[in-house]
Amino acid sequence: FSSFFAFAGLLPWTYFAEAVRRSGVGLVTDAELVRKIYFPRLIMPLANVVSPLVDFCIAFVVLLVVMAFYGIAPNIKMLIIPPLMVVAALLALSIGLWLAPINVRFRDIKHTLPFMIQIWMYASPIVYPLSLVPAEWQMLYSLNPMVGVIEGFRWAVFGQGAPNFMALGMSAIMIVILMVGGLIFFRRMERTFADVI
């Protein structure tokens, strides 16, 4: 059962990590496209965040099979999963809006990104619940925006307890800050993409 617990936490994380990776390096990967035709460059990180949702849907079917194996019936709480995935997608997009322009300037991002994502994974409650974090540290720990998403996803799957609204609220605040800053930064750097890339 502990492996199923970890799998339920790994599912949203895997989507998020892949979306961040693709959106962070997408401008350089598709450099020819950026050089040859003009289009709103914002489309590229957005497309790179949406495309891993196909993999997530396939993995979600596997999750349903594992749930059937453990005798866990799908419940009404699972309807919260799509909004949670929207939160994860917005977070990945907001990070991609910062990383993509930086990667255009400094190509080392693609080498350091997997390392940063792995550290972030260990700082997220994938193989352990949020309740294991001491109460006095939970507010600080919830500054990690994926805490609310992963905990909410597990709550939807297992249908026990209540979602951690503090963690979800902190996730929402962090995403708004990162998204607004990321959009401003991306727009400011966008003019130089075709020249630098």
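Above: the structure in question.
Just so we're clear, the structure is a prediction, and the values are computed from it rather than from any experiment.

**Focus: the layout of surface pockets**
- Estimated volume of the second largest pocket: approximately 160 Å³.
- Val20, Ile95, Leu99, Leu113, Met116, Ile117, Trp120, Pro145, Met174 and Leu178 together form the lining of the second largest pocket.
- Put simply, the parts of the chain that give the lining of the second largest pocket at least two residues each are helix 5 (81–105), helix 6 (109–122) and helix 9 (165–190).
- When grouped by side-chain class, the residues that make up the lining of the second largest pocket number ten nonpolar, no polar and no charged.

**Here's the deal with the side chain of Arg154**
- Tracing the backbone shows Arg154 in helix 8 (residues 145–158).
- Residue contacts for Arg154: discarding those within four places in its chain leaves Phe5, Ala6, Ala8, Gly9, Pro125, Ile126, Val127, Tyr128 and Gly159.

**Structural notes on the side chain of Ser171**
- Within the element layout of this structure, Ser171 appears in helix 9.
- A relative accessible area of 1% means that Ser171 is categorised as buried.
- Of note is the side chain of Ser171, whose polar atom sits 2.6 Å from the backbone oxygen of Pro145.
- In this structure, Ser171 is in contact with Ser142, Asn144, Pro145, Gly148 and Val149, ignoring residues within four places of it in sequence.

**Let's talk about the packing of aromatic side chains**
- What the rule picks out here adds up to eleven aromatic pairs.
- Ring geometry for Phe4 versus Tyr70: centroids 5.4 Å apart, planes at 15 degrees, classification stacked. One end of the pair, Phe4, is in helix 1 (residues 2–29); the other, Tyr70, is in the loop between helix 4 (53–69) and helix 5, and 66 residues separate them in sequence.
- Classification of Tyr70 by relative accessible area gives partly exposed; the value is 31%.
- Ring centres of Phe16 and Trp120 lie 5.0 Å apart, and the angle between their planes is 80 degrees; this geometry places the pair in the edge-to-face category. Here the residue Phe16 occupies a position in helix 1, and Trp120 occupies one in helix 6, the gap between them amounting to 104 residues.
- Ring pairs connect the aromatic residues Phe4, Phe5, Phe69, Tyr70 and Phe158, which therefore count as one cluster.
- Taking NZ or CZ as reference, Arg154 lies 3.7 Å from the ring centre of Phe5, over its face.

Definitions and cut-offs
- Residues numbered from 1 in each chain as written.
- Predicted model: local features only at pLDDT ≥ 70, side-chain atom pairs only at ≥ 80, totals over all residues.
- Heavy atoms only, no water.
- 1 Å grid on protein atoms, 1.4 Å probe; cavity = no way out; pocket = protein on both sides within 12 Å on 5 of 7 lines; lining within 4 Å.
- Points joined across faces, edges and corners; volume = space filled by probe spheres on them.
- Helix = DSSP H or I, 4+ residues; strand = E, 2+ residues; numbered from the N terminus.
- Nonpolar A, V, L, I, M, F, W, Y, C, P; charged D, E, K, R; others polar.
- Contact = heavy atoms within 4.5 Å.
- Buried < 20%, exposed > 50% of the residue type's maximum accessible area, 1.4 Å probe, protein only.
- Polar contact = N/O pair within 3.5 Å; in protein donor to acceptor, adjacent residues only side chain to side chain.
- Phe/Tyr/Trp six-rings, centres within 6.5 Å; stacked < 30°, edge-to-face > 60°.
- Lys NZ or Arg CZ within 6 Å of the ring centre and 35° of its normal.

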